[in-house]
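Fold and contact review
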Amino acid sequence: MPDKAGQPTGQDPRELQQALVEVSLRLERRVRELEALVTVTERINRGLLLDEVLDEIYDAFRPIIPYDRIGVALLEEDDCGRKMVRSQWMRSDNQAAHIGPGYAAPLAGSSLETILSTGEPRIINDLQAHLLHHPKSRSTQQILKDGVRSSLTCPLVATGRPVGFIFFSSNTPNTYRDAHVATFQQIAGQLAMILEKSRLYQRLMELNELKNRFLGVAAHDLRNPLGVLGGYVDLLRQEALGPLNEAQQEVMAVMADVTGRMSGLVDDLLDVSAIESGRLELERAPLDLNRFLADQAHSQGLIAQGKAIRIALELPEPLPSVAADGQRLGQVIDNLIANAIKFSPRDTVITLAGSADADWVQISVSDQGPGVPAEERERLFEPFQRGSNTPTADEQSTGLGLSIVQKLVQAHGGRVHVDEAPGGGARFTVQLPRDAGTDAQPPEQEPHA
Amino acid sequence: MTTQKARPDRVLVVDDFQPMRSLLSTMLRQLGFEYIDQAHNGRSALERFESRKQTLVFLDISMPDMTGLEVLRALRGMEGGDHAFVIMQTGDATRDNVLEAKELGVGGFIAKPYNMQKVKELVGAYLKRTQ
């Protein structure tokens, strides 16, 4: 300790001892208060959606501020751009409630506007007296009807921007003290941030669902006309409707290519929409992976021939069967091999390999292309993300293939990742849980002492 | 491809999207069918079947008002309806839809987009049965 603190004061040691006890009690109180505040912020930060956060608030504040009800109102703009205060949520021990969620009033000219501009919470400890001074205040009339007698109104300001208000109300007059305001002020900023974050998150979820619905409808309405177009192009190319000259054949070939690409994109979009809104139905059945992978290597091998690429199948040991949707898993392997072909130089080899351990079956697709830079690997599976590499034969991509792969693998209870193949190419590995029904390991025996 | 010899069989094409009916009818004409009726919904499909008793029916499963399955169920209860060779278009069908269609007895399933090869295969199955 520095000299000054240890200098004798000339006072009675007993007085000194008492002062120390007081300081220690005060510190203890302060610690308890801080702990309570931390608990409050932890609890309300648990929820992601606004409703979850609000539901935590009612119980969380109990140890630090007295109340019989809490309400939260958020600021929003109406159609004319006016700032409105809209009651978002209210929880009460009282039965009746006249100002529940949905109640909205303009901010301008209200007493709340003053609270917001000063940033200072307002205590009204006698609402009946307050009504005598402000006989026109509708909100005061309403909460008095609900039995509320004193109130603490706090502004919510997130990083300098007003977000709304939190109202603590008590059925007992003279409930609120400056100490409550001081306590609240310590977490006011965090509370406002959490509420704003959860409101934005909730809005994001709503918009995402809207996007999925829109995507599904748009893609569905495009698919039928595209199908007709493709069908007629097919008929014309086969000269079913009369002979075509060379130039016409060339035009038809371009049209077939373009309609094929559009159909591919529409199918991908429909898949994404179905997966994201939980409409994907897997038809799982025991699948013989040895035969399945051989078939995949064969059919994709025909496509790879166009770039003189060979597809090698590597199955060192027979694979166990897995419970999988054969068509969807086929789509996964198709996408991975098509992707490998896209980024492989001519005259190279793509390896389709399978292996198994006690819990997982691994299927990997490795190529001899440039590989995926480490920093791009994680976001490669996000929709519309493309890596820095470019296709070697100017192939097009929707940017949806790998995200569909990941979603389909996850729907099977599996996972997919990318790393570097021996020799420097890209290696995509799909891991699927072993079929519990056919291959379950017996539980480990307890060692006998 | 050359147009084949005319067949006497009557075909019914049911789809709520007119260009799709036209495409399928063109393909069927290429395969030699001359008598092709079209219907844009379930009710008119059943009316057309009532009067003409087509032996081959292409039926879209997702249509407003009456679904393809409802049409198939009604058709099976009509005179001559249990003999019709029905090919079901199941692009958006759920697994349950397909199972129910199988129970009601269908000659085959086809997914959009249609191409000549698929239509030809299914028509082949129909001809094999009727021979």
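Preceding this section is the structure that the text describes.
Throughout this description, residue numbers start from 1 for each chain and increase along the sequence as written. For this description, chains carry letters from A and ligands carry numbers from 1, given in the order in which they are written. A pLDDT threshold of at least 70 governs which residues receive local features in this predicted model, and a stricter bar of 80 or more applies before side-chain atom pairs are shown or counted, although totals over entire chains, interfaces and linings include all residues. Only hydrogens and water are set aside; all other atoms, that is, all heavy atoms of the structure, feed into the side-chain values.

A closer look at the pairing of strand β13 (residues 426–433) of chain A
A regular strand places its side chains so that they alternate between the two faces of the sheet. Residues and elements named next belong to chain A. Think of it in three bands: residues with accessible area under 20% of the maximum for their type are buried, residues over 50% are exposed, and the middle band is partly exposed, with areas taken using a 1.4 Å probe on protein chains only. Note on conventions: DSSP H or I runs of at least 4 residues are helices, E runs of at least 2 residues are strands, and numbering of each starts at the N terminus. Most of β13 is tucked away: six of the eight residues are buried. Taken together, the seven bridges between strand β11 (residues 360–366) and β13 define a ladder with antiparallel strand orientation. Counted as the bridge partner of Ile-363 is Val-430 from β13. Where strand β12 (residues 415–420) meets β13, six bridges bridge the pair, whose relative direction is antiparallel. Directly across from Val-418, in β13, lies its bridge partner Phe-428. Note on pairing: two strands pair once DSSP finds at least 2 bridges between them.

Section: the packing of helix α7 (residues 178–237) of chain A against helix α1 (residues 18–30) of chain B
Packing of α7(A) against α1(B) leaves a shortest axis separation of 9 Å and a crossing angle of 25°. With respect to their mutual orientation, α7(A) and α1(B) come out roughly parallel. In this structure, α7(A) meets α1(B) at a crossing whose hand is left-handed. In contact with Asn224(A), Gly227(A), Val228(A), Gly231(A), Tyr232(A) and Leu235(A) of α7(A), α1(B) contributes Pro19(B), Met20(B), Ser22(B), Leu23(B), Thr26(B), Met27(B) and Gln30(B). Note on residue categories: nonpolar means Ala, Val, Leu, Ile, Met, Phe, Trp, Tyr, Cys or Pro, charged means Asp, Glu, Lys or Arg, and polar means any other residue, Gly included. Taken together, the residues of the contact of α7(A) with α1(B) break down into seven nonpolar, six polar and no charged. To get an axis, a line is fitted to the C-alpha atoms, and for a helix only the part in contact is used. The angle between two axes follows their N-to-C directions and goes from 0 to 180 degrees. The cut-offs work like this: below 35 degrees is roughly parallel, past 145 is roughly antiparallel, 65 to 115 is roughly perpendicular, and the gaps in between are oblique. Left-handed describes a crossing whose near helix is turned anticlockwise from the far helix through less than a right angle; right-handed describes the clockwise counterpart. Here, residues are in contact when the closest pair of their heavy atoms is within 4.5 Å.

Here's the deal with the nonpolar core
Residue and element names in this part refer to chain A. In terms of nonpolar packing, the biggest core is built from 46 residues, with Leu-289, Leu-329, Val-332, Leu-336, Leu-352 and Phe-428 touching the most fellow members. Tallying contributions element by element places helix α10 (residues 326–343) first for this core, with seven residues. Setting aside its immediate chain neighbours within four residues, Leu-289 contacts Leu-319, Pro-320, Val-322, Leu-329, Val-361 and Ile-363. Residue types Ala, Val, Leu, Ile, Met, Phe, Trp, Tyr and Cys, when buried and joined through side-chain atoms within 4.5 Å, form a set referred to as a nonpolar core.

Digging into the sheet that holds strand β1 (residues 7–14) of chain B
Residues and elements named next belong to chain B. With parallel pairing, the five strands of this open sheet are ordered in space as β2-β1-β3-β4-β5. Each having just a single partner strand, β2 (33–39) and β5 (108–110) make up the two edges of the open sheet. Adjacent strand axes in the sheet meet at a mean angle of 20°, parallel and antiparallel pairs treated alike. By the bridge criterion, six bridges tie β1 to β2 in an arrangement that is parallel. Looking at the pairing, Val-14 lines up with Ala-39 of β2. Sitting on the sheet, helix α3 (residues 68–76) touches β3 (56–60) and β4 (85–89), and the angle it makes with β4 is about 170°.

Quick look at the side chain of Ser170(A)
Residues and elements named next belong to chain A. Note that Ser-170 resides in strand β6 (residues 161–170). Residue classification places Ser-170 among the buried positions, given a relative accessible area of 4%. Any pair of nitrogen or oxygen atoms within 3.5 Å is treated as a polar contact; in protein, a donor-acceptor pairing is required on top of that, and neighbouring residues in sequence qualify only through side-chain atoms on both sides. At a separation of 2.8 Å, a polar atom in the side chain of Ser-170 contacts the side chain of Thr-175. With residues near it in sequence (within four places) discarded, Ser-170 still touches Asp-68, Val-148, Arg-149, Ser-150, Thr-175 and Tyr-176.

Remarks on the packing of aromatic side chains
When two rings of Phe, Tyr or Trp (its six-membered ring) have centres within 6.5 Å they constitute a pair, described as stacked for plane angles under 30 degrees, edge-to-face for angles over 60, and tilted for the intermediate range. Under the counting rule described, the total for this entry stands at nine aromatic pairs over all chains. Ring centres of Phe33(B) and Tyr126(B) lie 6.5 Å apart, and the angle between their planes is 50°; this geometry places the pair in the tilted category. Of this pair, Phe33(B) sits in strand β2 while Tyr126(B) sits in helix α5 (residues 116–130), and the two are 93 residues apart along the sequence. Each member of the pair, Phe33(B) together with Tyr126(B), is buried. Over a ring means this: the NZ of a Lys or the CZ of an Arg is within 6 Å of the ring centre and within 35 degrees of the ring normal. Directly above the ring of Trp360(A) sits Arg415(A), whose terminal nitrogen or CZ lies 4.1 Å from the centroid. Sitting over the face of the ring of Phe33(B), Arg7(B) holds its NZ or CZ atom 5.5 Å from the ring centroid.

Some remarks on the packing of helix α2 (residues 13–46) of chain A against α7(A)
Residues and elements named next belong to chain A. It is at 10 Å that the axes of α2 and α7 come closest, and there the two elements cross at 10°. Comparing the axis directions of α2 and α7 gives the class roughly parallel. Along the contact surface, α2 presents Arg-30, Glu-33, Leu-34, Leu-37, Val-40, Thr-41, Ile-44 and Asn-45, while α7 presents Thr-183, Gln-186, Ile-187, Gln-190, Leu-191, Ile-194 and Lys-197. When the residues that make up the contact of α2 with α7 are grouped by side-chain class, the tally is seven nonpolar, five polar and three charged.

Some points on the interface of chain A and chain B
Facing the 16 residues of chain A at the interface are 18 residues of chain B. Together, the buried faces of chain A and chain B total about 1500 Å²; carbon and sulfur atoms form 58% of this surface. Salt bridge, as applied in this entry: a Lys or Arg side-chain nitrogen positioned within 4 Å of an Asp or Glu carboxyl oxygen. Applying the counting rule to chain A against chain B returns zero salt bridges. Here the side of chain A that touches chain B is built from residues that sort into six nonpolar, five polar and five charged. Summed over both partners, the accessible area lost on bringing two parts together, with a 1.4 Å probe, is the buried area.

Side note on the pattern of salt bridges
Following the criterion strictly, the structure yields 18 salt bridges over all chains and no others. Residue Glu276(A) pairs with Lys407(A) through a salt bridge whose shortest N-O separation is 3.3 Å. On the criterion of sequence distance, the pair formed by Glu276(A) in helix α8 (residues 246–276) and Lys407(A) in helix α11 (residues 401–411) is long-range, its members being 131 residues apart. For Arg10(B), the salt bridge identified is with Asp37(B), shortest N-O distance 3.2 Å. Highlighted residues: Arg10(B) in strand β1 and Asp37(B) in strand β2, separated in sequence by 27 residues. We classify Arg10(B) as partly exposed; its relative accessible area is 26%. One network of salt bridges, with partners in common, ties together Arg161(A), Glu196(A) and Arg199(A).

A few points about the pairing of β4(B)
All names here are of chain B. Counting buried positions over the five residues of β4 gives five, a clear majority of the element. Residues Phe-85, Ile-87 and Gln-89 of β4 are buried on one face, and the alternating residues Val-86 and Met-88, pointing to the opposite face, are buried as well. Here β3 pairs with β4 via five bridges, running parallel. Bridging across to β4, Asp-60 finds its partner in Gln-89. Summarising the sheet, β4 and β5 pair through three bridges and their orientation is parallel.

Details of α11(A)
Residues and elements named next belong to chain A. Leu-402, Ser-403, Ile-404, Val-405, Leu-408 and Val-409 are the residues of α11 that are buried. Along its buried surface, α11 packs onto α8, α10, β12 and β13. Where α11 ends, the next residue or the one after it, Gly-413, has phi of about 80°, a positive value.

Spatial relationships are all this shows, so hold off on functional conclusions.
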